[in-house]
Amino acid sequence: MSKQTKFESYREMPIRAMTVDNMLWNETGSWRNVKPVYDNKVSPCIYGCPAGENIQHYIQLVIDRKYKEAWETIIETNPMPAVTGRVCSHPCMDKCTRGDYDETVNINAIERALGDMGLDNPEWMTKPEKSKKEKIAVVGSGPAGLTSAFYLARTGYSVTLYEAGETLGGVLRWGIPEYRLPDSVLDRVVEFILSSGKIKVEAGTTVGKDIEFKKLRNNFDAVFLGVGLMKSRQLGIPNEDCKGVEPGLDYLRKVNSGQVSSSSDKAVVIGGGNTAMDVARSALRKGSDVTVVYRRTRTEMPAIASEIEEAEKEGIKFRFLASPKDIVTDGDKLSKVIFQEMELGEPDETGRRSPVPLEGKTFTMDVDRLFTAIGEKGDLDGFKSEVDTEWELIKVKGEFGETGKKKIFAGGDIVTGAASVVEAVAAGRRAAEKIDRVFNNEKDPPIEQEIDFGIENINTDYFPKSKRVLKPRIPASEAIKGFEEIFKGFDEQMLQKEADRCFSCGVCNYCDNCWIYCPDASIIRKDDEYEIDFDFCKGCLVCVEECPRSALSIEEEGK
Ligand SMILES: Cc1cc2nc3c(=O)[nH]c(=O)nc-3n(C[C@H](O)[C@H](O)[C@H](O)COP(=O)(O)OP(=O)(O)OC[C@H]3O[C@@H](n4cnc5c(N)ncnc54)[C@H](O)[C@@H]3O)c2cc1C
Ligand code: SF4
Ligand code: SF4
Ligand code: SF4
């Protein structure tokens with residue numbers, strides 16, 4: 001077994017120094033004071049995704065063309081990748097290590113491609129194996145409610161989903177316009193979620209009005225409240241109720257249900273969030289000349305950055321550092337708006353600099369229609385006495401949506417205030433898992449601490465610089481002519497090209513580098529893992545150095 005190859009002449013030797021046969025004749029293990037260890041880490045993008053999607057893993061499965069497995073990996077934490085792949089502000093990408101090298105991996109586009117594949121392959125969805133006796137009521141069918149219903153049903157519980165509207169989806173249905181999230185996609189997502197197990201839908205039923213909350217508490221083993229923010233905030237200035245002034249959410253509801261006809265008027269939208277951008281871009285498509293007025297500057301706008309850029313490309317005008325002060329009417333109809341000019345003062349509790357009025361500085365605009373989009377609030381009339389509330393939001397204790405009232409859980413915007421789709425998805429899943437743990441008398445899992453992982457952990461010699469693959473799109477000049485979806489999905493070639501850019505940060509992808517480079521041939525290659533033979537490893541750490549992605553670490557001997 002222990003054999004040393006002898007060379008008769010230098011001509012017989014390999015062209016560069018390398019191990020021939022094996023090194024079993026030469027045990028070196030005792031030389032070592034440090035040793036390499038295989039220790040996969042959590043890639044930084046995963047910490048960036050509020051839903052905790054295992055992004056690194058599904059991208060590697062994509063590279064292996066294991067699309068079904070990649071989709072299943074997403075579905076473990078997010079049942080609507082076709083939605084988030086279209087509308088998520090992708091905080092995961094802000095954490096992507098590749099951003100400090102050339103351009104971040106287009107995780108959002110990869111997610112969308114997989115989400116769409118899932119919708120095209122309904123047979124990928126499996127039914128729950130077990131049926132549980134407990135019954136759960138979910139109130140609200142936005143992303144929080146749909147997600148909690150999905151995970152509860154998948155675990156085998158019987159779910160009844162109450163929704164005030166006639167159709168399901170919450171803001172995804174009546175808020176976000178077709179050019180960002182087509183109804184045809186949302187319909188299929190809802191259908192997929194409803195097929196995950198036993199979910200009975202009670203649409204057109206407002207809890208607290210059409211059915212008493214008490215009934216839910218008495219008839220179900222648990223209740224999840226994902227009722228979102230249904231009321232628009234008011235400006236609080238004179239004549240706000242005149243003809244021509246309309247809450248942005250009401251306008252979006254009408255646009256999304258096809259009730260708005262074209263008009264070539266002058267519209268002003270007040271606000272700087274996602275609602276303001278959607279109202280402005282919808283009104284533009286309906287023929288209006290649109291100006292967005294925001295009381296801070298572009299930097300402080302809370303809307304998703306790419307939505308602001310799209311609005312600018314489409315020709316929306318912006319007027320910053322101004323706030324409506326007075327509405328002038330002609331009879332009962334809006335005719336002009338007087339604006340107060342502002343400047344930026346000290347940061348407020350959100351960390352953004354607050355707008356402060358500039359004494360004596362106003363200006364007037366002729367306006368046909370004024371849309372208000374300065375924020376939304378909860379409507380808790382039907383169950384205020386059942387839960388603890390603060391600022392018209394439901395108070396929860398800890399991470400998993402417990403309201404502190406027996407059997408009652410809550411999540412999504414009604415807990416956090418206006419947030420995002422993926423945060424609502426995360427809250428819906430966490431609450432569903434918590435409900436399951438309560439029934440099974442199980443402990444909560446520990447909260448994972450984020451580790452530091454940066455570009456310094458990547459051996460960039462192995463990665464040629466490359467540009468991010470972008471989703472194909474229709475140009476802004478075309479997009480404004482209607483409500484056609486602007487961004488299209490990746491084809492397989494694009495998907496492969498973009499997935500290939502992923503470093504697989506901190507996680508071994510079996511590239512064989514460590515095995516190839518070990519000068520003592522002390523790495524043993526098995527099917528899906530490597531083992532180090534420590535009788536022969538002398539701790540030179542060449543493997544650690546040559547791992548492109550820090551999937552190996554250094555440990556002191558004897559520790
Ligand atoms: C116009 C607009 C655009 C947005 N764009 C984006 C975006 O691009 N990306 C992003 O990440 N986030 C976006 N957001 C934010 C995101 O949509 C929300 O954070 C998310 O929808 C919150 O989900 P939710 O399930 O908590 O509530 P919602 O989506 O608001 O759903 C709540 C549901 O509960 C129902 N309901 C309420 N009360 C009752 C009751 N008493 N009985 C029965 N049913 C009830 C409602 O009818 C509704 O269907 C946007 C928000 C708006 C308003
Ligand atoms: S849901 Fe959003 S944050 Fe999570 S992986 Fe998708 S794009 Fe990224
Ligand atoms: S390179 Fe890949 S694994 Fe690393 S952070 Fe970006 S997407 Fe995640
Ligand atoms: S070098 Fe390659 S095979 Fe070895 S640990 Fe790193 S990623 Fe895995």
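All of these numbers come straight from a predicted model, not from anything done at the bench. (Residues numbered from 1 in each chain as written. Chains lettered and ligands numbered in written order. Predicted model: local features only at pLDDT ≥ 70, side-chain atom pairs only at ≥ 80, totals over all residues. Heavy atoms only, no water.)

A.B. asks: What's the story with the site of ligand 2 in this structure? I'm lost.
C.D. replies: Residues in contact with ligand 2 amount to 13 residues; listed here are only the nearest, C49, C88, C92, N108 and E111. The set of elements that each furnish at least two residues to the shell around ligand 2 consists of helix 2 (55-63), helix 5 (91-94) and helix 6 (107-120). Along the lines of polarity and charge, the residues of the shell around ligand 2 split into eight nonpolar, three polar and two charged. (Near = heavy atom within 4 Å. Helix = DSSP H or I, 4+ residues; strand = E, 2+ residues; numbered from the N terminus. Nonpolar A, V, L, I, M, F, W, Y, C, P; charged D, E, K, R; others polar.)

A.B. asks: Even after reading the chapter, I still don't get the packing of helix 2 against helix 17 (residues 492-499), so can you show me in this structure?
C.D. replies: What describes two packed helices is the angle between their axes and the distance between those same axes. At their nearest, the axes of helix 2 and helix 17 sit 9 Å apart, and the two run at 125° to each other. When the axes of helix 2 and helix 17 are compared, the pair comes out oblique. The interaxial crossing formed by helix 2 with helix 17 has left-handed handedness. Along its contact with helix 2, which presents I59, V62 and I63, the element helix 17 presents L495, Q496 and A499. In terms of residue class, the contact of helix 2 with helix 17 is built from five nonpolar, one polar and no charged. (Axes fitted to C-alpha atoms, helices over the stretch in contact; angles between N-to-C directions. Parallel < 35°, antiparallel > 145°, perpendicular 65-115°, else oblique. Left-handed = near helix turned anticlockwise from the far one by under 90°. Contact = heavy atoms within 4.5 Å.)

A.B. asks: In this structure, what is going on with the pattern of salt bridges? I would like to understand it.
C.D. replies: Where charged atoms from two side chains of opposite charge come close, those side chains can pair. Following the criterion strictly, the structure yields 44 salt bridges and no others. The partner of D265 in a salt bridge is R369, and the shortest N-O contact between them spans 2.9 Å. Here D265, found in the loop between helix 11 (248-256) and strand 8 (266-270), pairs with R369, found in strand 14 (residues 369-372); they are 104 residues apart in sequence, far enough to count as distant. The pair D265 / R369 is uniform in exposure class, with both members buried. Across the salt bridge formed by R296 and D348, the nearest N and O atoms sit 2.7 Å from each other. Taken together, the residues R296 in the loop between strand 9 (289-294) and helix 13 (305-314) and D348 in the loop between strand 12 (333-347) and strand 13 (353-366) connect sequence positions 52 residues apart. For R296, a relative accessible area of 2% corresponds to the buried category. It is possible to trace a salt-bridge network through shared partners that takes in R180, D278, R281, R285, E307 and E314. (Salt bridge = Lys/Arg side-chain N within 4 Å of Asp/Glu carboxyl O. Buried < 20%, exposed > 50% of the residue type's maximum accessible area, 1.4 Å probe, protein only.)

A.B. asks: I would appreciate a short explanation of the sheet that holds strand 2 (residues 135-139) in the present structure.
C.D. replies: Strand pairing in a sheet relies on backbone hydrogen bonds, with the paired strands running either antiparallel or parallel. Here we have five strands laid out as an open sheet, ordered 4-3-2-5-18, and parallel in their pairing. The open sheet has two edge strands with one neighbour each: strand 4 (199-203) and strand 18 (408-410). With strand direction ignored, the average angle separating the axes of adjacent strands in the sheet is 20°. The sheet contact formed by strand 2 and strand 5 (residues 222-225) spans four bridges and is parallel. Residue pairing across strands places A137 opposite V223, the latter belonging to strand 5. (Pairing = 2+ DSSP bridges.)

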